[in-house]
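Below, each chain spelled out in residue letters.
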Amino acid sequence: MVQGSPGSFTEDAALKAYPNCETIPCDEFEEAFKAVELWLAEKAILPIENSSGGSIHHNYDLLLRHRLHIVGEVQFVANFCLLALPGIREEKLKCVLSHPQALASSDIVQTQLGVARENIDDTASAAQYVASNGLRDAGVVASARAAEIYGLNILADRIQDDPDNITRFLVLARDPIMPRTDKPFKTSIVFTLDEGPGVLTKALAVFALREINLTKIESRPQKMRALRVVDDSNTGRAKYFDYLFYIDFEASMADPRAQNALGHLQEFATFLRILGCYPMDTSL
Ligand SMILES: O=C(O)C(=O)C[C@]1(C(=O)O)C=C[C@@H](O)C=C1
């Protein structure tokens, strides 16, 4: 189950991970979660971070709201192309449509073309929209595969400023996979801590003490519980923003170091959930 129309980069990532899979497109990320929960799809794949745009925050929130398990990751270089209807030249374009991340990642689109930009949910839907409505003054930023699927021409290839524009996708399933130690595995967790000086340092130390490398840390607000009230003898009654911490670390849950680190963290974390333990994508 992939968010976006056929030809999206998420579909490319799904095909990289499972070359023979059947992909089911959907409009919203949450639909992908629900489809797996309702047994309509086996797996969901969703972008979680991009090397130039950073974290896709909404998907962090969905990981917590739903109870699916991360069973894999896919790192994928998205090559953005400028597309238009056959016969249309660059000078004729009055606007360019695409996913905001794709529009933002190219100076050609941002400044050089000097045209309006319009956000669309995913790159392939933008291509489909321009093709099916015969929009002769609209360009699209999407993949070469989207150009082929929707009958558009490639006006320019690899237009992203950063040639290594990498997106990391997560693969989610109803059941976790068995952690192994015979190949590199990663574990993703989410936790909360009490308010106080050095609490996050203490939490991170459980990994440092065991020589476990962290690959990612992200903090997100606690939804529906924005402020935490703490009675403090010095400052009186203080209100703090309340955060969830998401961490990815390079160890398998079959490794005693990871088990001990999480046992240690559990001693003082106010909440802890393992989101998944999965093979690292080392293909890039
Ligand atoms: O729009 C697409 O084609 C997607 O797959 C989504 C998405 C994203 O959400 O970041 C994935 C990779 C690209 O960086 C641009 C867009």
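Per chain, residue numbering runs from 1 following the sequence as it is written. For this predicted model, a pLDDT threshold of at least 70 governs which residues receive local features, and a threshold of 80 or more governs which side-chain atom pairs are given and counted, while totals over whole chains, interfaces and linings are taken from all residues. To get the side-chain values, all heavy atoms of the structure are used, and hydrogens and water are removed first.

1. Quick look at the overall build of the protein chain
Stage number 1. Where helices and strands are cited, they refer to DSSP runs of H or I of at least four residues and of E of at least two residues respectively, numbered from the N terminus. Assigned secondary structure in the protein chain consists of nine helices and 17 strands.
Stage number 2. Its C-alpha atoms give the protein chain principal-axis dimensions of about 70 × 50 × 35 Å.
Stage number 3. Exposed residues in this analysis have more than 50% of their type's maximum accessible area, buried residues have under 20%, and partly exposed residues fall in between, with area computed by a 1.4 Å probe over protein chains only. The burial tally for the protein chain puts 46% of its 284 residues in the buried class.
Stage number 4. Whether two residues are in contact is decided by their heavy atoms, any of which lying within 4.5 Å being enough. In the protein chain, the proportion of contacts linking residues at least 24 apart, taken out of those at least 6 apart, comes to 75%.
Stage number 5. To measure how exposed things are, a 1.4 Å probe is used in the Shrake-Rupley method; for residues, cover is taken only from the protein chains shown. Approximately 14,100 Å² of the protein chain is accessible, and the part contributed by carbon and sulfur atoms is 51%.
Stage number 6. Charge separation in the protein chain, taken as the distance between the mean sites of 28 positive and 38 negative side-chain charges, equals 3 Å. This count recognises Lys and Arg as positive and Asp and Glu as negative, with His and chain-terminal groups excluded. To locate a charge, take atom NZ for lysine, CZ for arginine, CG for aspartate or CD for glutamate.

2. Regarding unusual backbone geometry
What is expected of a backbone is that most residues other than glycine have negative phi and most peptide bonds are trans.
Stage number 1. Positive phi is not limited to glycine here, since R158 has a value of about 45°.
Stage number 2. When you line up the elements, R158 lands in the loop between β10 (153-156) and β11 (166-173).
Stage number 3. Of the residues examined, R158 reaches a relative accessible area of 54% and is grouped as exposed.
Stage number 4. Although it is not a glycine, E211 sits at a positive phi angle of roughly 60°.
Stage number 5. Summarising the element assignment, E211 is placed in the loop between α8 (199-208) and β13 (214-221).
Stage number 6. We classify E211 as exposed; its relative accessible area is 70%.

3. Structural notes on the domain arrangement of the protein chain
Stage number 1. All domain edges in this entry derive from an automatic or database-based domain assignment. Assigned domains within the protein chain: domain 1 (2-77 + 165-172), domain 2 (81-156) and domain 3 (177-279).
Stage number 2. Distance from the C-alpha centre of domain 1 to the C-alpha centre of domain 3: 23 Å.
Stage number 3. Listed as interface residues are 17 residues of domain 1 and, on the opposing side, 18 residues of domain 3.
Stage number 4. Buried area is understood as the total, over both parts, of accessible area removed when two parts are fitted together, assessed with a 1.4 Å probe. Roughly 1,500 Å² is buried in total at the junction of domain 1 and domain 3, and carbon and sulfur atoms are behind 50% of that figure.
Stage number 5. Summed over the three residues of domain 1 that lose the most area to domain 3, namely Y60, L64 and I70, the buried surface amounts to 37% of that side.

4. What to know about the layout of surface pockets
Stage number 1. Empty space within the largest pocket amounts to approximately 320 Å³.
Stage number 2. A cavity, in this analysis, means grid points on a 1 Å lattice covering only the protein atoms where a 1.4 Å probe fits yet has no way out; a pocket is instead an open set bounded by protein on both sides within 12 Å along at least five of seven lines, and a residue lines either one if it has an atom within 4 Å of a point. Forming the walls of the largest pocket are 20 residues, and the residues nearest its centre are T10, P47, H99, Q101 and T167.
Stage number 3. Amino acids are sorted into nonpolar (Ala, Val, Leu, Ile, Met, Phe, Trp, Tyr, Cys and Pro), charged (Asp, Glu, Lys and Arg) and polar (every other residue, Gly among them). Its residues assigned to classes, the lining of the largest pocket comprises eight nonpolar, 10 polar and two charged.
Stage number 4. The two domains that each donate at least three residues to the lining of the largest pocket are domain 1 (2-77 + 165-172) and domain 2 (81-156). Grid points are joined across faces, edges and corners, and a volume is the space filled by probe spheres set on the points.

5. Topic: the packing of aromatic side chains
Stage number 1. Here is the rule: rings of Phe, Tyr and Trp (six-membered ring for Trp) pair when centre to centre is within 6.5 Å. Planes less than 30 degrees apart are stacked, more than 60 are edge-to-face, and the remainder are tilted. Tallying each qualifying case throughout the model produces five aromatic pairs.
Stage number 2. On the numbers, 5.8 Å between centres and 35° between planes, the contact of F191 with F245 is tilted. Here the residue F191 occupies a position in strand β12 (residues 185-192), and F245 occupies one in strand β16 (residues 243-249), the gap between them amounting to 54 residues. For the pair F191 and F245, one class covers both residues: buried.
Stage number 3. In our convention, an over-ring charge means Lys NZ or Arg CZ found within 6 Å of a ring centre and within 35 degrees of that ring's normal. Seen from the ring of W39, R174 lies directly overhead, with NZ or CZ sitting 3.7 Å from the centre.
Stage number 4. One residue, K202, lies across the ring of F268, its end atom 4.5 Å from the ring centre.

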